[in-house]
Structures are given as C-alpha cells and as structure tokens.
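# What the coordinates show
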Amino acid sequence: MNAHVSTRTGKLEYFSYDDQIVRLFVIATVIWGAVALLLGVTIAFQLADWHVNLGLQWTTFGRLRPLHTNAAIFAFCGNAIFAGIYYSHQRLLKARLFNDTLSKIHFWGWQLIIVAAALTLPFGITTGKEYAELEWPIDIAITVIWVVFAVNFFGTIIRRRERHIYVAIWFYIATIITVAVLHIINSLEIPVSIGKSYSLYAGVQDALVQWWYGHNAVAFFLTTPFLGLMYYYVPKAANRPVYSYRLSIIHFWSLVFIYIWAGPHHLLYTTLPEWAQTLGMVFSVALWAPSWGGMINGLLTLRGVWDKVRTDPVLKFMALALTFYGMSTFEGPLLSIKSVNSIAHFTDWIPGHVHAGTIGWNYLLTAGVLYFLVPRLWNAEIYSKRLATIQFWTATIGIILYIVSMWIAGISQSLMWRAIDASGKLVYPNFIESVVKIVPMYWVRAIGGTFVLVSFVIMIYNLYKTAKSGSVGKEEVYEAYALDDSSIEQGAAPHRKLEGWPMIFAVLSLVAILVGTAIEIVPAVLSKQYITKLDVVKPYTPLELLGRDIYIREGCYLCHSQTVRPMAHEVLRYGKASEAAEFVYDHPFQWGSKRTGPDLARVGGKYPNMWHYRHMWDPREVTAGSIMPRYTWLFDQKTDYGSLPKKMQVMQTLGVPYSQAEIDASVANAQAQAQSIRDNLVEAGVPEKVLDKEIIPLIAYLQRIGVDYGKSEVQQ
C-alpha cells in the first residue's frame with residue numbers, strides 16, 4: 001500500500017507477526033457474538049410475551065437488556081475490533097506487536113471484564129446509565145485494560161518499519177483516544193460499596209454527560225474502528241486501492257471533529273438548554289457528509305470487481321455492511337431533526353435504527369472480516385461458500401423483518417400518543433392501548449432476530465469447519481528495511497508528512513475531539529450554577545432513596561421515562577412539563593430513552609399504595625393487557641436498611657443537603673415511613689409481614705416521583 005517501499009535502502013531486518021493473539025480474539029468474537037444474539041432474541045420474545053421473563057429476577061427484561069447491549073457492544077464488537085486491529089496493525093507497520101505479554105493481558109483481561117459483566121448485571125448490580133451500567137470496580141478494570149491496549153498499539157507504532165501510517169490506523173488512533181476520554185469522564189462516581197456507587201453528576205448534568213458518552217460510544221466504538229477495518233479489509237479483499245486518498249483525509253478529520261458534538265440530539269425537548277439541543281441537532285445533520293463520504297469511499301473501492309461480490313463471502317458481507325452503514329447514517333441525522341425527533345423519540349423506531357447499525361453494519365462487516373481472517377490464520381480455504389450465501393440471505397431477511405417491524409411499531413406508537421380530538425382530549429388516553437396495538441410487531445421483531453441468530457450459528461459452523469480443515473503451523477518470518485531516513489519522501493504533501501509523525505497525529509486527533517467535548521462538557525459541569533433550586537423540591541427520604549435504588553436495580557428506566565416534554569399530548573397525558581430544578585438530587589438521572597410503559601414523571605400520588613402493590617405483584621390485575629413482568633421477589637426479599645447511613649453520606653458528599661442528624665437517624669426514619677405504608681396496606685387486606693420487604697421502599701419511591709414539583713403547580 002506504499003509505493004515508496006521500493007526505494008528503501010539500509011539495514012534489512014527479520015521479524016514475524018503474533019497471529020496467535022488474533023486467533024484468540026477471533027474465537028472470542030464468535031462465542032460472545034452468539035451469546036449477545038441469543039440474549040437479544042430472548043428479550044425480544046419477552047416483550048412479545050411477558051411469560052418469557054420466567055418469573056425469575058435474574059432473567060427479567062430489565063436485567064437481561066443491559067447484559068444484551070453490553071455483550072453486543074463490548075464483547076462481540078469489542079473482540080472483533082481487537083482481532084481486526086491486531087492483524088492489520090502489524091502488517092500495515094511491518095512490525096510484530098509491541099509486547100506479547102501485554103497482548104495476553106489485554107485478551108484475558110477483556111474476557112474477565114465480560115465475565116464480570118455477565119455475573120453482575122443479572123444480579124441487578126448496575127449504575128443505571130445506559131451502555132455504561134457496569135459498576136466502579138469493573139470500570140477501573142476497563143480503564144487498566146484499555147491502557148494496556150493503548151501501550152501495545154502505540155508501542156507497535158514506535159517500532160514500525162513503515163514511516164507513514166495508513167488510513168485504517170488513523171481511525172484506530174481516534175478510537176483509542178476517544179474511548180478513553182469518554183469512559184473516564186462518564187464513569188466518575190463515588191462508591192458506596194463494592195457493588196454500588198452514585199454518579200458524580202446529577203439531573204440535567206448527568207443526562208448531558210451520559211448521552212455525550214452514549215452517542216459517542218456508538219461513534220467511537222461501533223463506527224470509527226469498523227471504518228478502520230473497512231479501509232484495510234475491503235481494499236485487501238478486492239485487491240484494489242482505496243477509491244480516493246483525498247476523500248479519506250476529508251472523511252477522517254470531519255468525522256472525528258463533528259461526531260463528538262452530536263450527543264445532545266438524544267435529549268431534544270428535555271430541560272437541557274435550548275442552545276445545546278440546537279447545537280446537537282446542527283452537528284448531527286452535518287454528519288451526513290462525512291458518513292456518506294466514508295460509505296462512498298468504501299463502495300467505490302469495489303469498482304471493477306463487483307462480479308466478485310456475488311461469489312466472494314468477504315466482499316459480499318462488506319458490501320452489504322457498507323450499504324446498511326449508509327442507510328443508518330442517513331437515518332441518524334434525520335432522526336436528530338427536532339420535528340422528526342418529536343415523533344420518533346421514546347418509540348420503537350429508535351431500537352430499529354440502532355439495530356440497523358449494530359446488525360447491518362457491525363455484524364455484517366465482522367462477518368466479512370472473519371471470512372477474511374480465518375482462512376489465513378488457519379491456512380485453509382473457506383469450508384462452504386454456499387453456507388456463507390445462506391447465512392447472508394438469512395441475516396438480510398432477519399434484519400429487514402426487524403427494522404420494518406420497528407418502523408411500523410414506532411410510527412404507530414407516536415400517532416396514537418399524539419392523537420387529540422376536536423374537543424382537545426386525547427383519543428387514546430390509556431397508554432396500554434398503544435402497547436396492545438404493537439405487540440404483533442414485537443412478534444415480527446423476535447422472529448427477525450431469530451433469523452439473525454440462525455445466520456450467526458451458520459457462520460460459526462462454517463468457520464469451525466474451515467479452521468478444522470487447516471492448520472496453524474509455525475510463525476512465518478518476513479523481512480523489511482529498518483525505519484531510517486531512506487523512507488522519507490521528498491516533496492510530500494502536508495498531510496502525507498503528518499502521517500509520518502504518528503504521535504503528533506494522535507495529539508491532533510485528541511485536540512479535534514476535545515474541542516467538541518469542551519463545548520458540551522464545560523457547560524454541563526458549570527450547569528449546577530445556573531439551575532435555580534426550588535425550595536419545594538426536597539431530597540428523597542431515606543426510604544425513598546432505598547426504593548430508588550431498587551427501581552434502578554430492576555432496570556425500570558429501560559421501559560419507563562421520567563420526563564414530560566413540553567408537547568400538548570404529553571402535558572395532557574402526564575401533567576406539567578418537566579423543569580431542570582426537579583432533578584438536582586437525582587444521582588443518576590432517570591429520564592430513560594424508551595417508553596414501553598408510560599412516563600412516570602408525575603406518577604407520585606396518582607394511585608393508592610395498594611395499586612402499586614398489586615401492580616408489582618401482577619401488572620395485569622390493574623392494567624389488562626400489560627406486558628410488564630411480575631416482580632414477586634420484592635415481596636420476599638428483605639430491605640437492606642443497614643446500607644442507608646453510608647448511602648446518605650455519599651449523597652451528602654455529592655451535594656445533597658442531608659444533615660448529619662438525618663444521616664444518623666436514617667434507619668429509624670426509614671422504618672417509620674415503612675410502617676406508615678405498611679399500615680395503609682394492611683388496612684386494604686395485605687399481610688402484616690410485608691413491613692420489611694423491598695416492595696415497601698419501592699412504593700415509597702414511586703409515590704414520591706414528581707410530587708414536589710406537582711404540588712408547587714397546585715399552590716400557584
């Protein structure tokens with residue numbers, strides 16, 4: 001890929017590549033990919049039929065959904081990224097990885113982190129922040145392993161035998177730098193215990209930091225590294241140069257600079273400052289250009305070899321992956337336009353959009369990379385191109401069923417929620433009407449997901465048979481000239497010179513993403529000063545704080561939002577629009593991103609305690625047609641009152657105005673409030689033994705949500 005190599009002179013060196021670490025990451029990719037898809041299919045069926053939750057706390061939708069997203073993003077895609085990078089990085093730089101031990105620490109450390117996630121999330125050990133649910137000890141482990149990866153990556157660059165770093169490496173650099181910045185800033189939290197912490201940020205501030213992270217986790221974990229893989233593997237498989245080197249430069253710098261600004265489009269119509277919402281929308285729309293620049297560069301690299309796409313599994317999957325990349329990066333900016341967002345947000349359109357990216361782009365591109373790598377790593381021919389073609393069409397049908405069903409479901413939901421008759425009343429005042437209407441679409445989605453899972457199993461079998469027919473053999477020895485002045489190009493263009501200075505390139509990449517970061521994060525950090533606290537909004541009582549932690553543990557935020565947008569139909573359905581001052585004591589915020597159930601921002605005081613009791617025991621007793629699972633263990637498990645003083649001390653450290661006297665009396669006060677709720681329930685016929693059970697603090701929290709601000713509205 002570098003024509004200048006032929007002019008090189010000097011000392012000839014001999015070296016080999018560490019392909020064993022690539023093989024390990026390949027194996028991990030297919031194992032965790034199957035797990036991620038199986039979990040996805042499981043929770044899809046849980047939404048279609050609540051019985052699939054199995055009545056166990058460890059298998060409910062609220063606990064398995066974070067496990068699915070973490071498995072898909074960090075286990076499946078993560079291992080695929082590392083496999084693809086470690087193979088291409090060595091060959092692009094003509095150098096063995098910096099340190100074999102670091103490579104092994106990276107691999108086993110990352111797998112242990114995945115296992116830790118698999119062990120903690122089903123047990124409800126979560127921070128309650130979407131895509132960042134892992135608790136603080138695991139966050140620290142992620143940071144350590146990421147540093148190991150970075151040292152190994154940049155160490156390899158330092159010992160390279162190629163002066164200029166190729167396009168793919170530009171995207172790898174941006175990934176490593178930006179993911180580190182995102183993870184550290186969003187994970188700032190104060191521990192309460194080994195499995196519990198509270199976010200450093202609260203309310204609006206927490207929402208902005210979280211979605212700056214959440215959006216850019218998609219950008220710099222699911223987009224830029226895969227674009228880097230695309231820039232290496234598509235030209236290699238097609239045996240063609242990249243269509244346009246100049247377009248690659250424009251694509252890279254515009255993408256890394258613009259992407260980081262776009263996070264606020266997840267918070268349109270919230271209490272986030274209007275300027276931040278508008279800025280997020282503008283930069284999201286601007287993403288059209290660099291995103292499509294990358295897609296065009298990838299697809300046009302195939303010019304002249306389109307006939308191979310019909311027969312070569314590598315190019316077949318990569319061409320379709322690029323097509324889905326183009327579709328989802330067209331849809332993303334479209335959804336960030338405020339008028340479109342008002343229709344789509346909180347509906348199933350969003351999961352449809354997300355899966356067009358993760359299945360259509362990440363899974364299919366990974367399949368192409370694996371069909372490229374496995375034959376080379378195991379010295380074998382692909383076992384069956386026919387099976388690869390069956391996999392291709394099975395996956396394609398599955399993705400289409402998934403996306404189309406979610407488009408229909410999302411638009412149906414939105415139209416029903418927004419419908420207002422001539423007298424100014426809601427046409428569908430009961431939220432459950434919109435849920436029942438879209439259940440058939442949930443079945444279609446589950447069937448589509450099953451198709452995708454089956455396609456993946458076909459690929460595993462095909463790759464297994466391929467590897468089994470080959471052999472690993474000894475490491476091959478290569479030769480190349482040492483890096484010296486003979487590799488310097490005379491009269492090179494400025495960017496070409498920059499490619500010869502990787503560390504400066506990395507610093508400039510860091511500056512590019514920090515500019516956008518600063519525009520979002522600095523105002524977010526300062527926002528506390530500009531939110532006027534309302535005297536009527538008080539901190540949660542000790543019992544409510546315990547109930548809030550149970551709410552977060554069960555993943556209720558995954559189906560219920562806690563923010564009322566200033567739209568006529570939302571105000572009619574839920575009550576007064578939300579204000580920033582309501583959330584100043586919320587560590588973390590609980591605005592949610594999906595409404596499978598109704599918004600709970602004003603649910604406090606709406607129903608008697610007995611309604612909540614029956615609702616958690618069996619939702620269908622009070623809401624016919626509900627798809628919510630039962631939470632029967634809340635009626636058996638005892639409340640952990642002993643953790644209260646420590647929790648309140650941490651909250652006090654975070655700025656919540658608890659006095660020392662309140663902290664000292666927290667257990668007694670919580671038990672007194674629990675007794676009050678228990679007496680009310682006993683009067684309604686509930687057994688007395690519920691006093692110390694977890695259902696009591698959960699009811700206390702649900703009865704508090706939105707009450708302070710709601711009362712202030714009545715007083716006015």
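For clarity, every value in this text was computed on a predicted model and none was experimentally measured. (Residues numbered from 1 in each chain as written. Predicted model: local features only at pLDDT ≥ 70, side-chain atom pairs only at ≥ 80, totals over all residues. Heavy atoms only, no water.)

## Here's the deal with empty space enclosed by the protein
- Evaluated as defined, the whole model comprises eight cavities of 30 Å³ or more.
- Volume-wise, the second largest cavity comes out at about 200 Å³.
- Along the wall of the second largest cavity there are 17 residues; nearest its centre are Tyr-540, Glu-582, Arg-704, Ile-705 and Gly-706.
- At three residues, helix 26 (residues 707–715) tops the list of elements feeding residues into the lining of the second largest cavity.
- Residue composition of the lining of the second largest cavity, grouped by class: nine nonpolar, two polar and six charged. (1 Å grid on protein atoms, 1.4 Å probe; cavity = no way out; pocket = protein on both sides within 12 Å on 5 of 7 lines; lining within 4 Å. Points joined across faces, edges and corners; volume = space filled by probe spheres on them. Helix = DSSP H or I, 4+ residues; strand = E, 2+ residues; numbered from the N terminus. Nonpolar A, V, L, I, M, F, W, Y, C, P; charged D, E, K, R; others polar.)

## Notes on the domain arrangement of the protein chain
- Each assigned domain of the protein chain is listed here: domain 1 (17–487 + 494–520) and domain 2 (542–711).
- Its C-alpha centre places domain 1 at a distance of 34 Å from the equivalent point of domain 2.
- Listed as interface residues are 63 residues of domain 1 and, on the opposing side, 55 residues of domain 2.
- Roughly 4,800 Å² is buried in total at the junction of domain 1 and domain 2, and carbon and sulfur atoms are behind 67% of that figure.
- It is Trp-50, Tyr-198 and Phe-346 that lose the most area in domain 1 upon contact with domain 2, and together they represent 17% of the buried surface on that side.
- Linking domain 1 with domain 2 are three salt bridges.
- For the salt bridge of Lys-594 with Asp-348, the shortest nitrogen-to-oxygen distance reads 3.3 Å.
- Between the two partners, domain 1 and domain 2, sit 16 residue pairs in polar contact (both at pLDDT 80 or more).
- Top element by residues in the side of domain 1 that touches domain 2 is helix 6 (residues 203–221). It accounts for six residues. (Domains from an automatic or database assignment. Contact = heavy atoms within 4.5 Å. Buried area = accessible area lost by both parts, 1.4 Å probe. Salt bridge = Lys/Arg side-chain N within 4 Å of Asp/Glu carboxyl O. Polar contact = N/O pair within 3.5 Å; in protein donor to acceptor, adjacent residues only side chain to side chain.)

## Some points on the UniProt feature "binding site: heme b 1; low-spin" (unreviewed entry) in the protein chain
- The UniProt record annotates "binding site: heme b 1; low-spin" (unreviewed entry) at His-68 and His-355. Judged by maximum C-alpha separation, these annotated positions cover 288 residues in sequence but sit close together in space, the widest gap being only 12.3 Å.
- As for its placement among the helices and strands, His-68 is situated in helix 2 (residues 61–93).
- The exposure class assigned to His-68 is buried, which follows from its relative accessible area of 11%.
- Once residues lying within four places of it in the same chain are set aside, the contact partners of His-68 are Ala-36, Leu-39, Gly-40, Ile-43 and His-355.
- Along the chain, the position of His-355 falls in helix 14 (residues 349–377).
- His-355 sits in the buried class, given a relative accessible area of 17%.
- Ignoring anything within four residues of it in the chain, the contact list for His-355 reads His-68, Gly-360 and Tyr-402.
- Within the structure, the side chain of His-355 is placed 2.8 Å from the backbone oxygen of Pro-351, a separation counted as a polar contact. (UniProt positions renumbered as here; feature names shortened; annotations may be inferred. Buried < 20%, exposed > 50% of the residue type's maximum accessible area, 1.4 Å probe, protein only.)

## A few points about the environment of Val-686
- Here Val-686 lies in the loop between helix 24 (666–683) and helix 25 (695–704).
- Remark: the alpha-carbon pair of Val-686 and Leu-229, spanning 457 residues in sequence, is separated by 60 Å.
- Apart from residues lying up to four places away in sequence, Val-686 is in contact with Met-610, Tyr-613 and Leu-681.

## Brief notes about helix 14
- Counted at 1.5 Å a residue, the expected span for helix 14 with its 29 residues is 42 Å, and the 40 Å between its end C-alpha atoms agrees.
- For helix 14, the tally of buried residues reaches 25 of 29 residues, placing the bulk of the element in the interior.
- One or two residues past the end of helix 14 sits Asn-379, with phi positive at roughly 50°. (Expected span 1.5 Å × (residues − 1).)

## Digging into the environment of Ser-284
- With respect to the secondary-structure elements, Ser-284 resides in helix 9 (residues 274–286).
- Residues Ser-284 and Gly-332, spaced 48 residues apart in sequence, show a C-alpha to C-alpha distance of 7.7 Å.
- Sequence-distant contacts of Ser-284, defined by excluding residues within four places in its chain, comprise Ala-262, His-265, Pro-333 and Ser-336.
- Of the polar contacts made by the side chain of Ser-284, one reaches the side chain of His-265; its length is 2.6 Å.

## Thoughts on the pattern of salt bridges
- What the rule picks out here adds up to 29 salt bridges.
- Note that Arg-678 and Asp-679 form a salt bridge whose closest N and O atoms lie 2.8 Å from each other.
- One salt bridge connects Glu-688 with Arg-678, and the closest N-O pair in it is separated by 2.8 Å. Highlighted residues: Glu-688 in the loop between helix 24 and helix 25 and Arg-678 in helix 24, separated in sequence by ten residues.
- Exposure remark for Glu-688: the relative accessible area of 52% places this residue in the exposed category.
- Since its relative accessible area comes to 13%, Arg-678 is described here as buried.
- Salt bridges sharing common partners tie together Arg-63, Arg-553, Glu-554 and Glu-694.

## Topic: the side chain of Asp-599
- Inspection of the secondary structure puts Asp-599 in the loop between helix 20 (568–574) and helix 21 (609–617).
- What makes Asp-599 buried here is its relative accessible area of 5%.
- If sequence neighbours within four positions are ignored, Asp-599 has contacts with Ser-561, Gln-562, Thr-563, Val-564 and Tyr-574.

## Quick word on the layout of surface pockets
- Computed from the structure, the largest pocket encloses a volume of approximately 880 Å³.
- Going through the elements one at a time, helix 1 (20–48), helix 2, helix 16 (432–469), helix 20, helix 21 and helix 25 are the ones with two or more residues in the lining of the largest pocket.
- The greatest single-element share of the lining of the largest pocket, amounting to four residues, is contributed by helix 21.
- Of the residues contributing to the lining of the largest pocket, the split by class is 24 nonpolar, twelve polar and five charged.

## Here's the deal with a nonpolar patch on the surface
- Taken together, the side chains of Phe-257, Trp-275, Val-507, Val-511, Val-515 and Ile-519 define a hydrophobic patch exposed on the protein surface, amounting to about 490 Å² of accessible area.
- Per-element accounting of the nonpolar patch gives the leading share, four residues, to helix 18 (residues 502–526).
- Tracing the backbone shows Val-511 in helix 18.
- Note on Val-511: relative accessible area 43%, which makes it partly exposed. (Patch = residues over 30% accessible without salt bridge, like charges linked within 9 Å, V, L, I, M, F, W, Y side chains within 5 Å. Areas by Shrake-Rupley, 256 points an atom, 1.4 Å probe, with all protein chains shown as cover.)

## Here's the deal with the packing of helix 2 against helix 7 (residues 224–238)
- Between helix 2 and helix 7, the least distance of the axes is 10 Å, while the angle of their chain directions is 45°. Compared by their axis directions, helix 2 and helix 7 come out oblique. Handedness of the helix 2/helix 7 crossing: left-handed. On helix 7, the residues touching Cys-77, Ala-80, Ile-81, Ala-83, Gly-84, Ile-85, Tyr-87, Ser-88, Arg-91 and Leu-92 of helix 2 are Pro-225, Phe-226, Leu-229, Tyr-232 and Tyr-233.
- The class makeup of the residues in the contact of helix 2 with helix 7 is twelve nonpolar, two polar and one charged. (Axes fitted to C-alpha atoms, helices over the stretch in contact; angles between N-to-C directions. Parallel < 35°, antiparallel > 145°, perpendicular 65-115°, else oblique. Left-handed = near helix turned anticlockwise from the far one by under 90°.)

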